[in-house]
Amino acid sequence: MEEVKEEIKLEDIIRPENLVYKKTKLMTNNILSYCPGCGHGTAHRIIMEVVEELGLQGKTIGVCPVGCSVLAYEFMDVDMQEAAHGRAPALATGIKRTWPDKIVFTYQGDGDLAAIGTAETIHACNRGENITMVFINNGIYGMTGGQMAPTTLLGMKSSTTPFGREQRLMGYPLKITDLVAQLPGSYFVTRQAVHTPATVRKAKKAIRMAFENQLQKKEGTNFVEIVSNCNSGWKMRPVEANKWMEENMFPFYPLGDMKVDGKLVK
Amino acid sequence: MGELRLMKGNEAIGEAAIRAGVDGYFGYPITPQSEVIEYLTSEKPEERTGMVVLQAESELASINMVYGAAATGKKVMTTSSSPGISLMMEGLSYIAGAELPCVVVNVVRGGPGLGTIQPSQADYFQATKGGGHGDYRLIVLAPASVQEMSDFVPLAFKLAFKYRNPVMILSDGVIGQMMEKVELFDPVPRWTEEEIIKMSPWATTGKPATRERNIITSLDLDPSRQEKHNIHLQEKYRRVEKEEVRFEEIACDDADYLMVAYGSSARIAQKVLQLARAQGIRLGLLRPITLYPFPAQPIRELLGHVKGILALELSSGQMVEDVRLAVEGKVPVEHYGRMGGMIFTPDEIVNVMKKTFLGE
């Protein structure tokens, strides 16, 4: 039997009948590599909307991580660098220190930012690097096939915790954003989501603040966590995954601002 | 004549960095090279030239700060010693893969592991054969004096930008710690933003409307494209091998026997040469200045009259493999080394020479 090679072409997707809304100007035409239902695309989009609305394309430098968003530079139409796993805050430090007038952001997942890159994360924030860090927390390693992340909830199943994360063996899920908020070097720390129109609007507002603070050279690091889903890794349908996230992730990782203008929110 | 100063090798690196118009130094303290960052911070380079000096939280961070800034076309560097350089291997592999210019100084100490803080040349393989993962090369310069610690900083940056490749200055605890007279070169200004954009159009300096976005990455999941990238890198390394070999010959013209030694070993070998010549032994010294590319052809050209070669290294014998590859079995190539931070004396080597080649 002849093998049928299925290749999705851009023309197959971008057709007049599919055009229900306009693509964000600073997103490229490349087809997203993310699973349907994943929050990465929305997070990318609102960052690029903010960069466009603030007129920052010409002075923005982004740093991508290792993880599902390893190819983020294919989708965001700004100058970008690809970091080694966990090292994005160090790259961003090198850029910002030598180009204090550029706008520098990192985009990192939970394994990248809160496991292998914990030292870089904590120290960049503790030095108060004047950068913006966007942290996507979906409690799992998506790209490598659904292994346990530092943020995986207790009892949550993953391919390396097939019977659920057990504290006795794997310790506790790490609330790194709470840690970052406690550091005197952080200026704006917030936790958001992007799974409903309302949360997208709030998240975009937070990202805008994280970029505006940097632009205005407010002293300290701007840190935006986005609690997101991973329907593939969680082995759920997208709608189920979002519901599961609301019922399980949000109670442990409650949404809202933790630190604004360098002051902890009570 | 430039300004003369009595300096430690490590201090000379720091002063040369400021004078070479370096934009950023990112480092982490480790013996025997901590004087570099101490000198830099005490010199207030931010006031002198606007140069950034930052003490990172680890060598992992410092090499990746170098990556980030190098990817924007800035002149940046770091220094460390053996265990710290091992931690930088991940970053160096990425930097080589992404083809970024930068300078890394290794003031080598004895290993393996935490080893000792005394001088050694046991990081030769790591420096010249890759060190990190994947097929890549660093251009490696081996200073043998405090003067060269200073002079090789601008040379290293020149090569780094010429080839878009990381350059390592492979020094050791002797050269880093000893004090000598140095003639300092005249300072050059740091590059302006316009100069950087013109010189490094690939750099991530922020996308203007006039060009496509710049991406700095070592990733390409498509194996055929990744192979093409690797072929491109290998072609670059062949070009480096053809054009950048540097070495020094002392008394090689009439030599019956040849020493090949670099860095501090070459300094000791100079005394050996004097002692041997005084005893009527026609001994020569070939000092590789670039360890990669290795001066294989210059060694081959001496084989008409050289009857035997002694590779001197403060290691169990690493560079000697490159000497043997160059010589292709045409004359005997022997190795003599000390390890773990011990250093050979000139007399010790004269005796080894006589025993090895003269049967005494």
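Worth saying up front: this structure is predicted, and the values here are computed from it rather than measured. (Residues numbered from 1 in each chain as written. Chains lettered and ligands numbered in written order. Predicted model: local features only at pLDDT ≥ 70, side-chain atom pairs only at ≥ 80, totals over all residues.)

(A) Focus on the overall build of chain A. Per the secondary structure count, chain A includes ten helices and ten strands. Taking 2.2 N^0.38 as the reference for a compact globule, 266 residues should give roughly 18 Å; the C-alpha atoms of chain A span a radius of gyration of 18 Å, in line with that estimate. Expressed along its principal axes, the backbone C-alpha trace of chain A runs to roughly 65 × 50 × 35 Å. For chain A, with 266 residues in total, the buried portion stands at 52%. Excluding contacts between residues fewer than 6 apart, the proportion of contacts in chain A whose partners are at least 24 apart in sequence is 67%. (Helix = DSSP H or I, 4+ residues; strand = E, 2+ residues; numbered from the N terminus. Rg over C-alpha atoms; globule rule 2.2 N^0.38 Å. Buried ≥ 20, exposed ≤ 12 C-beta atoms within 10 Å, placed from the backbone. Contact = placed C-beta atoms within 7 Å.)

(B) Summary view of the interface of chain A and chain B. Counting from both sides, the interface comprises 30 residues of chain A and, opposite them, 34 residues of chain B. Contributions of two or more residues to the side of chain A that touches chain B are made by strand 1 (60-64), strand 2 (79-82), helix 3 (88-98) and helix 5 (118-127) of chain A. For the side of chain A that touches chain B, the element with the highest residue contribution is helix 3 of chain A, accounting for eight residues. A per-class count over the side of chain A that touches chain B returns 14 nonpolar, eight polar and eight charged. Relative to strand 9 (residues 215-216) of chain B, strand 2 of chain A runs parallel, the two being bridged by two bridges. Paired with Met80(A) across the bridge in strand 9 of chain B is Ile215(B). (Nonpolar A, V, L, I, M, F, W, Y, C, P; charged D, E, K, R; others polar. Pairing = 2+ DSSP bridges.)

(C) Here's a closer look at the sheet that holds strand 4 (residues 76-80) of chain B. All names here are of chain B. The strand order across the open sheet built from seven strands is 3-2-4-5-7-6-13, with neighbouring strands paired in mixed fashion. Both outer strands of the open sheet, strand 3 (52-55) and strand 13 (290-292), are each paired with one neighbouring strand and no more. Strand-to-strand, the axes of this sheet are offset by a mean angle of 20°, without reference to chain direction. For strand 5 (residues 102-108) and strand 7 (residues 166-172), the ladder comprises seven bridges, and the chain directions are parallel. For Val 103, the partnering residue across the bridge sits in strand 7 and is Val 167. (Axes fitted to C-alpha atoms, helices over the stretch in contact; angles between N-to-C directions.)

(D) Region of interest: the domain arrangement of chain B. All names here are of chain B. Domain annotation of chain B identifies domain 1 (4-194) and domain 2 (247-358). With 24 residues of domain 1 at the interface, the matching set in domain 2 holds 21 residues. Taken together, the elements giving at least two residues each to the side of domain 1 that touches domain 2 come down to helix 6 (124-128), strand 6 (139-141), strand 7 and helix 8 (173-177). In terms of residue count, helix 6 provides more of the side of domain 1 that touches domain 2 than any other element does, four residues in total. (Domains from an automatic or database assignment.)

(E) Representation of the sheet that holds strand 11 (residues 257-260) of chain B. Residues and elements named next belong to chain B. Within the open sheet, the five strands sit side by side as 10-12-11-14-15. Their pairing is mixed. Edge strands, defined here as strands with exactly one partner in the open sheet, are strand 10 (247-250) and strand 15 (333-337). Within the sheet, the average angular offset between the axes of one strand and its neighbour, ignoring direction, is 20°. In the sheet, strand 11 pairs with strand 12 (residues 283-288) via four bridges, with the strands oriented parallel. Residue pairing for strand 12: Leu 258 is matched across the bridge by Gly 284. The strands that helix 13 (residues 319-327) touches are strand 11, strand 14 (308-313) and strand 15; relative to strand 14, the one it contacts most, it runs at about 155°. Running at roughly 150° to strand 14, helix 14 (residues 346-358) makes contact with strand 11, strand 12, strand 14 and strand 15 of the sheet.

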